[in-house]
Amino acid sequence: MKYSIATMLAQAARGHARWPRLWRAAELRDAYDVIVIGGGGHGLATAYYLAKNHGVRRVAVLEKRWIGGGNSGRNTAIVRSNYLFPASIAFYERSLSLYEGLTDALGFNVMLSQRGVLNLAYSRADLNRMRRRVAVLRALGVDAELLGVDDVAARVPELRLETPTRSVFGGFLQPRGGIARHDAVVWGYARAADALGVDVVQNAEVGAIDVHDGVVRGVAMRDGRRIEAARVVVAAASGTAALIEPLGLRLPVVHMTLQAMVSEPVARFLDVVLDGAVYASQSDRGELVVGGGSDVFASFAQRGAPATAPRNFAALLDLVPRLSGLRWLRQWSGTVDYPKDHSPIIGTTPIEGLFLSTAWGSYGFKAIPAGGECLAQTVVDGRAHRLIAPFDLERFRTGRLVREAESSGMDLEGVLV
Amino acid sequence: MWVRCPWCGRRDLSEFVWGDDASVVRPANAAAETDDAWTDYLYFRRGTPGVVAERWHHVHGCGAWFVVERDTRTNRWRSDG
C-alpha cells in the first residue's frame, strides 16, 4: 500500500480497522540465494538493497525474536556524520544522505528531524580537537561549524556554562545531524523489503552456519531444519560471535552493556541533540532521551548496572540544574559490540559466501542505510564496496585501524569522556 | 551490582575495575612472538556468551587483583550458583 491523504481518509472511514499488515508472516522456504541472519536495521537494510538495487529477491531475513528488538530498538536514535577520519566521514556521510531521502525511498515516514548535533568542548584541548574535526569535515564537503561559548549559549540558553566540575569552552555543530524514529526505520525497511519479495521471518533462530571445505552451504535452524543458501550474511550484533566461532573465526570485539533512559515530558528547551558528558535530545512530546557511557565489563545480559543511571542523571543536572526533581519513566539496555578502534567490521570473510556486518558498537543506528547498501553490493560482487573496504576484519592484522573512539564519545575503555 | 573481593568480601561494583578474560595471557617473550600471536593477544576475544573466568581489580579498596567466574548471560557470579 502506498500511503497518501486518500488512503488515510479511506481507512479513517472504516474506523482504522482495515490497515494492511506492514509485512507478510512469511513461511520459511528450503532454499534462498541469500540468507541474512538478524532482523535488525542492518540485516533488513541489506536485504532491502539486495532486492531493490540488485534484483536479488530470493532473500530471507531470519530473526530469532522480533525485528528491531535488539539494538535497533534500544539506541538513542541519533544520526550524524561528524567523524574524524576520511574513511569514516565518507561512509557515515553516505548514510546520512540516504537517511535524508529514506522516507520517500521506503514510502514510510522515518520521522527524520535534522535539528543539529551539538558537541560540547570542556577544555582548550577539546576545542582544538574539534577545530581539527571541523576542518577535515569541511574539506570533505560535510557541514560542520565551530562554535564559541556565546554561540553555544545562544543555541541552548538553559545550558550552564560554568558548573562546579566543568567549564564549556565552545563546541561544534553538525546542522544536518539529528534523530530519526528507530522503530520506523526497522519497520520501513522490513515493509519495503517484503514488498520486493524478501521473506522476513521472526521467531526463526539460526543454530549454526553450514560450511563445507571453506564454502558456505546454508544454515541449520535451532529446531534442526536446514536451509540452503550460497551466501549468508551475519548481522546478528552480539549473537554474531557465537555463530562464527565454531567456524574458526574470532572477533576483535568486547561486548558491553549500554544504557539509555527517558524522562517525563517537560516544556521544550532543547532543540538540538546535545553531546558532551551525556547525550540528550528532547522528543516532540517533551521527554528527554538520555544516554551515557557503557558499563565497563563484558556482558550479554541486556541489563544495566544500577550505578550508571545516576551517573548520567548527575552529568545532565550539572549542565541543566533546572532539571533537578525530573522523574524518569523508563531505562533500558542493549549489548554493544565494541572493537578496539570503534569502527565497524563489515564485508567479506575468509569463508567463501560468508559476509559480516558487526562490531557496530555505539554507532550502528546512524550507519543502517549505508551499511545495508554497501553490504548488498559486496554480497553481489564478492568483494568489498569501496566505502566499507577500510572496515574489514583484516585491519586488526595489518594495523590499519580507523580509530574513531573520540568521535563515538568514548575513550578506548568505552568510558564516556 | 556487587563483586566479592577475596579479602574484603562483598562490595559495590563501583569499587572495582574489570580486567578482561583471564584466559588471555600476555606472550612470555614478546620480542620473539609472531605478529599473528601478538594480534590475537591484543584484540581477539572469545565472544560466545557463558561462564567466563575474568580478572577484577579492587582498585578503590585493598588493591587486590583476583580471578572470579561470572556468567555473562545473567551477570551472576558462579560462586552464587
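Residues numbered from 1 in each chain as written. Chains lettered and ligands numbered in written order. Predicted model: local features only at pLDDT ≥ 70, side-chain atom pairs only at ≥ 80, totals over all residues.

**What about the overall build of chain B?**
Rules: Numbering of helices and strands runs from the N terminus, with a helix taken as a DSSP run of H or I at least four residues long and a strand as a DSSP run of E at least two residues long. The size measure is the radius of gyration over C-alpha atoms, and the globule rule it meets is 2.2 Å times the number of residues to the 0.38 power. Whether a residue is buried, exposed or partly exposed follows from its count of other C-beta atoms within 10 Å of its own C-beta, namely 20 or more, 12 or fewer, or something in between, respectively; the C-beta atoms are built from the backbone. Note on contacts: residues are paired as contacts if their backbone-placed C-beta atoms lie within 7 Å.
Across its full length, chain B carries one helix and six strands. Counted from the first residue to the last, chain B has its helices and strands arranged as β-β-β-α-β-β-β. In terms of overall size, chain B is more extended than a compact globule, its C-alpha atoms giving a radius of gyration of 15 Å where 81 residues would be expected to give roughly 12 Å. With the C-alpha coordinates aligned to their principal axes, the bounding extent of chain B is approximately 40 × 30 × 15 Å. Counting every position in chain B, which comprises 81 residues, the buried fraction comes to 12%. Partitioning the intrachain contacts of chain B with sequence separation of at least 6 by distance along the chain shows that 52% fall at a separation of at least 24.

**Concerning the overall build of chain A**
Across its full length, chain A carries eleven helices and 19 strands. Against the globule reference of 22 Å for 417 residues, chain A gives a C-alpha radius of gyration of 21 Å, in line with a compact fold. Across its three principal directions, the C-alpha atoms of chain A cover 65 × 60 × 40 Å. Out of the 417 residues in chain A, the part that is buried amounts to 52%. Taking as baseline every contact in chain A between residues at least 6 positions apart, the subset at least 24 positions apart corresponds to 73%.

**Re the sheet that holds strand S4 (residues 51-57) of chain B**
Residues and elements named next belong to chain B. We count it as follows: Pairing between strands requires that DSSP locate at least two bridges from one strand to the other.
Sheet architecture is open: four strands sit in the order S3-S4-S5-S6, paired in antiparallel fashion. Since the sheet does not close on itself, it has two edges, and those belong to strand S3 (17-21) and strand S6 (76-77), each with one partner. In this sheet, S6 lies alongside strand S5 (residues 65-71) in antiparallel orientation, the contact comprising two bridges. Counterpart to aspartate 71 in the pairing with S6 is arginine 76.

**A word on the sheet that holds strand S10 (residues 215-221) of chain A**
Residue and element names in this part refer to chain A. Which entries qualify depends on this criterion: Whenever a helix is involved, its axis is fitted only over the stretch in contact; in every case the axis is a line through C-alpha atoms, and angles between N-to-C directions fall within 0 to 180 degrees.
A sheet is described by the order of its strands in space; here three strands give the open sequence S9-S10-S11, paired in antiparallel fashion. Either end of the sheet is taken by a strand with one partner, and the two such strands are strand S9 (206-212) and strand S11 (226-228). When the angles between neighbouring strand axes are averaged without regard to direction, this sheet yields 30°. Here S10 runs beside S11; their pairing, made up of three bridges, is antiparallel.

**Let's talk about the packing of helix H2 (residues 41-54) of chain A against helix H7 (residues 182-195) of chain A**
Residues and elements named next belong to chain A. Let me state the cut-off plainly: By the definition adopted for this analysis, an angle is roughly parallel if under 35 degrees, roughly antiparallel if over 145, roughly perpendicular if from 65 to 115, and oblique otherwise. By convention the crossing between two helices is left-handed if the near helix lies anticlockwise of the far one by an angle smaller than a right angle, and right-handed if it lies clockwise. For this scheme, ten residues count as nonpolar: Ala, Val, Leu, Ile, Met, Phe, Trp, Tyr, Cys and Pro. Four count as charged, namely Asp, Glu, Lys and Arg, and the remainder, Gly too, count as polar.
Look at H2 against H7: their axes get within 9 Å of each other, and the N-to-C directions meet at 30°. In terms of orientation, H2 and H7 fall into the roughly parallel class. Seen from above, H2 lies across H7 with left-handed handedness. Two secondary-structure elements touch here, H2 through Gly41, Leu44, Ala45, Ala47, Tyr48 and Ala51 and H7 through Val185, Val186, Tyr189, Ala190, Ala192 and Ala193. Here the residues of the contact of H2 with H7 sort into eleven nonpolar, one polar and no charged.

**Description of the interface of chain A and chain B**
A common way to express how large an interface is: the accessible area buried when the components associate. Chain A puts 22 residues into the contact, and the matching count from chain B is 17 residues. Contributions of two or more residues to the side of chain A that touches chain B are made by helix H8 (240-244), strand S13 (253-263) and helix H11 (395-398) of chain A.

**Some words on the nonpolar core**
Generally speaking, nonpolar side chains in soluble globular proteins are found buried as a group. All names here are of chain A. Selection rule: Here, a nonpolar core denotes buried Ala, Val, Leu, Ile, Met, Phe, Trp, Tyr and Cys residues that are linked to one another through C-beta atoms within 7 Å. What marks off one domain from the next here is an automatic or database domain assignment.
With 128 residues, the main nonpolar core has Ile35, Val36 and Ile37 as its most contacted residues. For this core, the domains that each give at least three residues are domain 1 (25-106 + 182-248 + 341-407) and domain 2 (117-175 + 254-339). Setting aside chain neighbours within four positions, we find valine 36 in contact with Gly43, Thr46, Ala47, Val59, Ala60, Val61, Leu62, Val233 and Ala235.

**Quick notes on helix H10 (residues 368-381) of chain A**
All names here are of chain A. Note the following rule: To estimate the expected span of a helix, subtract one from its residue number and multiply by 1.5 Å.
Between its first and last C-alpha atoms H10 spans 20 Å; for 14 residues at 1.5 Å apiece the expected length is 20 Å, and the two agree. Across the 14 residues that make up H10, a large majority, twelve, are buried. A positive phi of about 80° marks glycine 382, the residue just after H10.

**Looking at helix H5 (residues 124-139) of chain A**
Residue and element names in this part refer to chain A. For H5, built from 16 residues, the straight-helix expectation of 22 Å at 1.5 Å per residue is met to within 8% by its first-to-last C-alpha distance of 22 Å. Check the buried side of H5 and you find it contacts helix H3 (86-100), strand S4 (117-121), strand S5 (145-147) and strand S6 (170-174). A positive phi of about 85° marks glycine 141, the residue just after H5.

**A word on the packing of H3(A) against H10(A)**
All names here are of chain A. Running from N to C, H3 and H10 point in directions that differ by 105°, and their axes come no closer than 7 Å. As far as their axial angle goes, H10 and H3 are roughly perpendicular. Contact with H3, carried on its side by Phe91, Arg94, Ser95, Leu98 and Tyr99, involves Pro369, Ala370 and Glu373 of H10 and no other residues of that element. A per-class count over the contact of H3 with H10 returns five nonpolar, one polar and two charged.

Any functional reading would require information beyond the geometric quantities listed.
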